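Summary of the model geometry
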Amino acid sequence: MKKIYIGLAAVLILIGAMLLNTNVSSAKKPEACTTIQDGVLTYSATHYLNPNPLKIGYDEYGYNYQAHMFKGSYANVYLGSDGFPPYKGDDNAYAQRLTDEGLSNPDNKWYWPYRNVDLLMKWNNAWLANTDCDGDGLLDRHYEFTSYIGSGAWETNHMKGGEGKDSWTYFTKIVAAPTDATLNSGVWYNAEGIEIGPSIWGEFATIMEVESGLGATYISPAGPGFGKY
Ligand SMILES: [Ca+2]
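Residues numbered from 1 in each chain as written. Predicted model: local features only at pLDDT ≥ 70, side-chain atom pairs only at ≥ 80, totals over all residues. Heavy atoms only, no water.

All right, on to the overall build of the protein then. Within the protein one finds 3 helices and 12 strands. Taken over 229 residues, the protein has a buried fraction of 37%. Intrachain contacts of the protein at a sequence separation of at least 6 include 50% that bridge at least 24 residues. Just so you have it, the protein exposes about 13,300 Å², and 57% of that area is on carbon and sulfur atoms. (Helix = DSSP H or I, 4+ residues; strand = E, 2+ residues; numbered from the N terminus. Buried < 20%, exposed > 50% of the residue type's maximum accessible area, 1.4 Å probe, protein only. Contact = heavy atoms within 4.5 Å. Areas by Shrake-Rupley, 256 points an atom, 1.4 Å probe, with all protein chains shown as cover.)

What follows is the structure, given as structure tokens:
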């Protein structure tokens, strides 16, 4: 009889643990995270489109937050958050729009000279999520990490510019530095001391670059695949 009770108790504990696990996993994502579809996540405070809500699909700048993609003018990556309307390829029309709206000119912005460069950018959820799970009303960056370090965040850029014989392409892959990486003279190294790649924006390393006419101009000695970081 005692054996049966012990066996029954073990089964009940097991069922309890299963219920608990189910509750934890189901409570975490769908209930706690706000999605773009919910219609309440807005562009950031400084953005030209604030306080409009983010939408599914491409916005006027070329951002598709839901799909983790950007496709458009290189300048449009930054113009919105600097309070400028999207650039659509016509300098005169853009200048007129700024005048009409009483806005200053982005001439002095570092990215303005690159407005005719086409950019295709892709990233993963750790880089910029399509949900707000930490509740600050914005899409999460390096969710569940205090910084990008060790978050597994990655991004790729395909750029295309110039006309005719002056046309060019450039491709780069960027990853967040792993937790056990070290930075030395502007280069990240992994725990084994193998070069990951040149540091970019403080917490990231470039792991691959490909230029038209030159081929791969940089391949990380630690490896150019995202799975490693
Ligand atoms: Ca957030």
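Let us now look at the coordination of the calcium ion. Surrounding the calcium ion are the protein donor atoms Asp132 (OD), Asp134 (OD), Asp136 (OD), Leu138 (O) and Asp140 (OD), which sit 2.2 to 2.3 Å from the metal. Expressed as a motif, the donor residue spacing for the calcium ion is D-x1-D-x1-D-x1-L-x1-D. The exposure class of aspartate 136 is partly exposed, given its relative accessible area of 48%. (Donors = N, O, S within 2.8 Å, 3.2 Å for Na, K, Ca; no water.)

What follows is about the confidence of the model for the protein. Should the pLDDT be low somewhere, the predicted coordinates at that spot are not to be read in detail. For the protein, the average pLDDT comes to 90, and 86% of its residues sit at 70 or higher. Taken together, the stretch residues 1-6 has pLDDT below 50 and engages in 0 contacts with residues farther than four places along the chain or on a different chain. Segment residues 10-29 is flagged for pLDDT under 50; beyond a separation of four residues in sequence, or across chains, it makes 4 contacts in the model. (pLDDT = per-residue confidence, 0-100.)

For the rest of this paragraph, the subject is unusual backbone geometry. A cis amide bond links asparagine 50 to the next residue, proline 51, at an omega of 5°. Mapping proline 51 onto the fold places it in the loop between β1 (34-35) and β2 (63-64). A positive phi angle is found at histidine 142, which is not glycine, with a value near 40°. Mapped onto the elements, histidine 142 comes out in the loop between β5 (131-132) and β6 (154-161). Residue classification places histidine 142 among the buried residues on the basis of a relative accessible area of 18%. Positive phi is not limited to glycine here, since glutamate 144 has a value of about 70°. On the secondary structure map, glutamate 144 appears in the loop between β5 and β6.

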